[in-house]
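Inside the fold
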Amino acid sequence: MKTKNRQALLYDDNCPLCAAYTTAFVKAGLLQKENRIAFSSINIRQFPLDTNRARHEIPLVDLETGEVKYGVDALAEILNQKLPFIKPVLSIRWVHWLFKKLYSFISYNRKIIVAKPSFAKGCFDCSPDYSFKHRVALAFFTSVLAGLMLLQLAGLYISSAYNPWFLAWFIIPLSLIFRKTKQQAADILVHSGITMLLSTIFLFFSLKIFSWLFTFSWPVMACSILVSAIIFFHQLKRRVLFHNNEYAACNSA
């Protein structure tokens, strides 16, 4: 209990992912509620932080010694209270390297993954730097995964002869990136990839579950496609607004 009381985790309250997992730490008894501190609520000079690093890796501050751990090491310190194998596993060099790469992949893309406008203000802007390579990696991952799932659905429920048509959705986002800056083009591809992936995941697993439980029927498929389409257009609307707001803010700055 002493360990939890003397540690403060500083999180980006403009990031729903950060807010969710830090809340989970509190509910699991790994962190005291008062020691889960939002960046927007503090004067950053209160803590001995590397401010640039803190924008990209969540910091865990020891309030007694002033020691700060960041990112993977900070999360491992908290999780190790109930999962004592975490630290020994991360002491393996290649495992630590792999998790740091995964953490960076998510951290640099955290704003665009959720696509939620910033609301909290404070003296410290903890938004991550823009990373083109991380954007391209996310666009590639989401697009390929969604494409593979669509191809499997096409083979299972329609005909393999129609598989190429299920890749036609790539044409639309690609057609939108002409005459865009490199940064805008990458962001558009990410938004389209995430939108398609989320709707495809629902379609894929709903059809799989129904096929396991019941005899396949076209009404079931039609309902799954309808809900998938609703998810698609909801995400599309949300991401168009987010994208436009982000670049409007950049142009006015």
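As shown above, the structure is provided for reference.
Structural notes, computed from the coordinates. (Residues numbered from 1 in each chain as written. Predicted model: local features only at pLDDT ≥ 70, side-chain atom pairs only at ≥ 80, totals over all residues. Heavy atoms only, no water.)

Moving on, we come to the state of the cysteines. Under the criterion given, the structure shown has zero disulfides. Cys126 takes part in no disulfide bond, and the closest cysteine sulfur, belonging to Cys18, lies 7.7 Å away. (Disulfide = S-S within 2.5 Å.)

On to the nonpolar core. Counting 19 residues, the largest nonpolar core has Leu9, Phe25, Ile58, Ile78 and Leu90 as the members making the most contacts within it. For this core, the secondary-structure elements that each account for two or more residues are strand S1 (7-11), helix H2 (16-27), helix H4 (71-79), helix H5 (86-90) and helix H6 (93-108). With five residues, H4 is the largest single contributor of residues to this core. Counting residues in hydrophobic clusters, the runner-up holds 13 residues, among them Ile37, Ile42, Leu49 and Ala54. (Core = buried A, V, L, I, M, F, W, Y, C linked by side-chain atoms within 4.5 Å. Buried < 20%, exposed > 50% of the residue type's maximum accessible area, 1.4 Å probe, protein only. Helix = DSSP H or I, 4+ residues; strand = E, 2+ residues; numbered from the N terminus.)

This part takes up the packing of aromatic side chains. Scanning the entire structure with this criterion turns up three aromatic pairs. Their ring planes at 65 degrees and their centres at 5.8 Å tell us that Tyr21 and Phe25 sit as a pair that is edge-to-face. Highlighted residues: Tyr21 and Phe25, both in helix H2, separated by four residues, approximately one helical turn. Taking relative accessible area as the criterion, Tyr21 reaches 26% and is therefore assigned partly exposed. On the accessibility criterion, Phe25 (8% relative accessible area) is buried. Centre to centre, the rings of Phe204 and Phe205 are 5.3 Å apart; their planes meet at 80 degrees, and the pair counts as edge-to-face. Taking the relative accessible area as the measure of exposure, Phe204 reaches 10% and is therefore buried. Residue Phe205 is classed as partly exposed on the basis of its relative accessible area, which comes to 45%. For Lys182, the ring lying beneath its charged end belongs to Phe132, and the centroid distance is 4.6 Å. (Phe/Tyr/Trp six-rings, centres within 6.5 Å; stacked < 30°, edge-to-face > 60°. Lys NZ or Arg CZ within 6 Å of the ring centre and 35° of its normal.)

Turning our eyes to something else, we now look at unusual backbone geometry. Glycine aside, a negative phi is what most residues show, and trans is what most peptide bonds show. Located in the positive-phi region is Ala115, a residue other than glycine, with phi close to 55 degrees. Topologically, Ala115 is positioned in the loop between helix H7 (110-114) and helix H8 (132-157). What makes Ala115 buried here is its relative accessible area of 1%. Notably, Arg179 is not glycine yet its phi reads approximately 65 degrees, a positive angle. With respect to the helices, strands and loops of the structure, Arg179 is situated in the loop between helix H9 (171-176) and helix H10 (182-213). Relative accessible area serves as the criterion here: at 89%, Arg179 is assigned to the exposed category.

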